[in-house]
Amino acid sequence: MQKTNSGMQKTHLELTQVGISFPTEKGPFVALQNVNLHIKKGEFVSLIGHSGCGKSTVLNIVAGLHQATTGGVILNHKEVTEPGPERAVVFQNHSLLPWLTVYQNVELAVKQQSDGKKTKAEIRDWVEHNLELVHMSHALDKRPNEISGGMKQRVGIARALAMQPEVLLMDEPFGALDALTRAHLQDSLMEIQAQLNTTVMMITHDVDEAVLLSDRIVMMTNGPAATIGEILTIDLLRPRHRLQLADDPTYNHYRHQVLSFLYEKQRKVEDLGSKRAEKQHHKTQASA
Amino acid sequence: MNILKHPALSQWQSQFSSTLFWRKQLKQSLLTLSGLLVFVLCWQLASSQIQTSLGQFPGPTQAAAQWSQLVDEYQAEQQREDAFHRRQLERHAAMLAEDPATEFTSLPYRARPTFFSQILTSLHTVLTGFVLASLIAIPLGMLIGLSNNLYQVFNPLIQLFKPISPLAWLPLVTLIVSSVDLSSAWGSRSFVVSVCTVMLCSLWPTLLNTAVGVSQVPNDLLNVSKVLRLSWWRHLRIIVLPSAVPMIFTGLRLSLGIAWMVLIAAEMLAQNPGLGKFVWDEFQNGSSDSLSRICVAVLVIGLLGFALDRLMLMLQRKVNWDKTAVSR
Ligand SMILES: Nc1ncnc2c1ncn2[C@@H]1O[C@H](COP(=O)(O)OP(=O)(O)OP(=O)(O)O)[C@@H](O)[C@H]1O
Ligand SMILES: [Mg+2]
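Just so it is clear, the structure is predicted and the values come from calculations on it, not from any experiment.

Rules of the game
Residues numbered from 1 in each chain as written. Chains lettered and ligands numbered in written order. Predicted model: local features only at pLDDT ≥ 70, side-chain atom pairs only at ≥ 80, totals over all residues. Heavy atoms only, no water. Helix = DSSP H or I, 4+ residues; strand = E, 2+ residues; numbered from the N terminus. Rg over C-alpha atoms; globule rule 2.2 N^0.38 Å. Buried < 20%, exposed > 50% of the residue type's maximum accessible area, 1.4 Å probe, protein only. Contact = heavy atoms within 4.5 Å. Lys, Arg positive; Asp, Glu negative; His and termini not counted. Charge placed at Lys NZ, Arg CZ, Asp CG, Glu CD. Patch = residues over 30% accessible without salt bridge, like charges linked within 9 Å, V, L, I, M, F, W, Y side chains within 5 Å. Areas by Shrake-Rupley, 256 points an atom, 1.4 Å probe, with all protein chains shown as cover. Salt bridge = Lys/Arg side-chain N within 4 Å of Asp/Glu carboxyl O. Near = heavy atom within 4 Å. Polar contact = N/O pair within 3.5 Å; in protein donor to acceptor, adjacent residues only side chain to side chain. Nonpolar A, V, L, I, M, F, W, Y, C, P; charged D, E, K, R; others polar. Donors = N, O, S within 2.8 Å, 3.2 Å for Na, K, Ca; no water. Core = buried A, V, L, I, M, F, W, Y, C linked by side-chain atoms within 4.5 Å.

S.K.: Can you help me understand the overall build of chain B in this one?
M.R.: Secondary structure assignment for chain B yields ten helices and two strands. Taking 20 Å as the expected radius of gyration for a compact globule of 328 residues, we find that chain B reaches 27 Å, considerably beyond that expectation. Looking at chain B residue by residue over its 328 residues, the buried ones come to 34%. Considering only residue pairs separated by 6 or more positions, chain B has 70% of its internal contacts joining residues 24 or more positions apart. Side-chain charges of chain B comprise 24 positive and 17 negative groups, with the mean position of each set lying 20 Å from the other.

Shown next, in the form of structure tokens:
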């Protein structure tokens, strides 16, 4: 087991030979296989891959919500077997409690995290500060069904940030946002991450976002039995500014690499998919 | 120049929309009224065709007359009670005047049950039975819903007990209650019998609906609970209970409806005080007014059942977080 990385930075989060199979009616479905990944403290890693390849599943295993069938996850030299306070999750579908207000949703996480160590005023300040970060101060007393999808997602992010986690796990956190809010939140996230040295694992579909934010981009092959296809290290100086990077040749080179991975893969998938569809078609015709 | 944003226009628009609102209200009440009217007409027409052993079946007018008769009887009974207390006070005053050291015990007035006192008895009984049933059904339902094993244990039992008619419970409950020595704190024996029967019959919808509601908490919210590492108790209070509230209320409303129906039947069969006994007594009485009185009682039973359901609905609106979910 590799504990140090060239003697400089310690491996913080380690996925070793992770695989998972879900029991289904047609027998076990192998979703992931041989996923190996070492993440350093404070590193920002993006997961990118086609829909249904198993990105959320990887994240859920790290979060402790799923148990890997083979291999395992080690965080700070301890095996991950259950969710823990040091790992906050921003869920793909925001998952706010519909009966609590925006404020109460974040407050619940803060109270749970502070474990009675924060005073009431401190809790209030901290909740408000985090909602301010995502520009949601105007809707403190609204219920989730009274705000838009993007706003819900922002509250979900505030809830995770408010937990002051060591590892931030985000499942397409900016997917439902308009371009302006998204850019703003991406900048805030980079700032916060630089400040707190949080380790981030983020799932995204957006190539620009991945290149702008990440230290490394993990590109996943298609399922079933998905695994890591390539890992791209992004050597761009921080702080990064989206406007300056727009014309940066290295930036565009990285973008191109990710795009070519996805598009080459995708073409293969389409071929496979259409073949499979044809087969299905023949089968149904034969049985009819 | 934007004509659509002119203040006068928007004022007119809001007025227009408010008349729309009133029109809708008016239409609704007209429809309700016409339904009632059709019912009363049919009743009138049908009643003139039906001959019973007690004479002609009463129509709406006879029923209305009996209603005021029942109100009169109630007022007369009230006056008699007032007079009784007045006489007793006068007697005491007189005795005190003779000998200031006299000690006396006040005699309680033995009221003859009127229609309205029977209504109160029935309401009291049904609410007691219903509240007790809910106090058992909600916690038990939550336990069953939370644990798959408990669900497997209890489900056959629930399915077995749910369809039992109140008439089948009644003899058993009566026998058990009369074999147990009850302290006076419990109230009269017949009250306990009625309450227990109501309880046994109205337990099941709340129990089942609570169990289902609790077991159907969305997976995403369960994940949130795990990530926040809520304790068992907080998980129950913050995640499970609120998400089960709509189902719990569905169960409660079903239960209360059943409780009311069961109570009337139980009172009739067991001669326990209440509206059911009133109906039965009138039936046995067999005077020419009896049928009209029974008609009044039947209508009142329906109205009270309706009112109880509205009450639950109001409570549901108050408690439920999702204001859009509650409708009829
Ligand atoms: N509980 C489960 N039982 C059975 N199969 C599952 C389960 N969870 C996920 N899967 C399967 O595992 C595969 C990966 O799912 P996952 O949700 O991780 O995809 P994803 O990469 O996050 O997709 P998307 O980008 O659309 O969110 C899918 O084929 C899915 O059907
Ligand atoms: Mg996903």
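S.K.: Sorry, what's going on with a nonpolar patch on the surface here?
M.R.: Residue and element names in this part refer to chain B. A surface patch of nonpolar side chains, amounting to about 610 Å² of accessible area, comprises Leu-143, Leu-146, Leu-150, Val-153, Trp-232 and Trp-233. Mapped onto the nonpolar patch, the elements with two or more residues apiece are α3 (115-146), α4 (148-161) and α8 (232-270). Position of Trp-233 among the secondary structure elements: in helix α8. For Trp-233, a relative accessible area of 53% gives the class exposed.

S.K.: Even after reading the chapter, I still don't get the site of ligand 1, so can you show me in this structure?
M.R.: All names here are of chain A. Taken together, the neighbourhood of ligand 1 is formed by 13 residues, with Ser-51, Gly-52, Lys-55, Ser-56 and Thr-57 sitting nearest. Interatomic distance of 2.9 Å between a backbone N/O atom of Gly-54 and an oxygen atom of ligand 1. Starting from 640 Å² of accessible surface for ligand 1 in isolation, the protein chains cover 64%. At the level of elements, β3 (27-40) and α1 (55-63) are the ones that each hand at least two residues to the shell around ligand 1. Ranked by residues supplied to the shell around ligand 1, first place goes to α1 with three residues. Residues that form the shell around ligand 1 fall into these classes: four nonpolar, seven polar and two charged.

S.K.: I tried to follow the coordination of the magnesium ion (ligand 2) on my own but got confused; where do I start?
M.R.: Put simply, a metal with four donors set out as a tetrahedron has ideal angles of 109.5 degrees, and one with six donors set out as an octahedron has ideal angles of 90 or 180 degrees. Residues and elements named next belong to chain A. The magnesium ion (ligand 2) binds to the protein through Ser-56 (OG) and Gln-92 (OE1), with metal-donor distances spanning 1.9 to 2.4 Å. Of this pair, Ser-56 sits in helix α1 while Gln-92 sits in the loop between β7 (87-90) and α2 (102-114), and the two are 36 residues apart along the sequence. Using a relative accessible area of 39% as the deciding quantity, one classes Gln-92 as partly exposed.

S.K.: What's the story with unusual backbone geometry in this structure? I'm lost.
M.R.: Glycine aside, residues mostly have negative phi, and peptide bonds are mostly found in the trans state. Following Arg-238 of chain A, the chain continues into Pro-239 of chain A via a peptide bond in cis, with omega recorded as -5 degrees. The residue Pro-239 of chain A is located in the loop between β11 (228-233) and α7 (242-245) in this model. Its identity is not glycine, yet Arg-229 of chain B carries a phi of approximately 50 degrees, on the positive side. With respect to the element layout, Arg-229 of chain B can be found in the loop between α7 (219-228) and α8.

S.K.: Looking at this structure, how should I read the nonpolar core?
M.R.: Most often, soluble globular proteins have nonpolar side chains that are buried together. If you look at the biggest cluster of nonpolar residues, it comprises 139 residues, and the most contacted ones within it are Leu-131 and Met-201 of chain A. The element that contributes the greatest number of residues to this core is α8 of chain B, accounting for 16 residues. Residues contacting Leu-131 of chain A, with those up to four places away along its chain left out, are Val-102, Tyr-103, Val-106, Met-136, Ser-137, Leu-140, Val-155 and Ala-158 of chain A. Formed by ten residues, the second largest nonpolar core is a distinct cluster that contains Trp-204, Leu-207, Leu-208 and Ala-211 of chain B.

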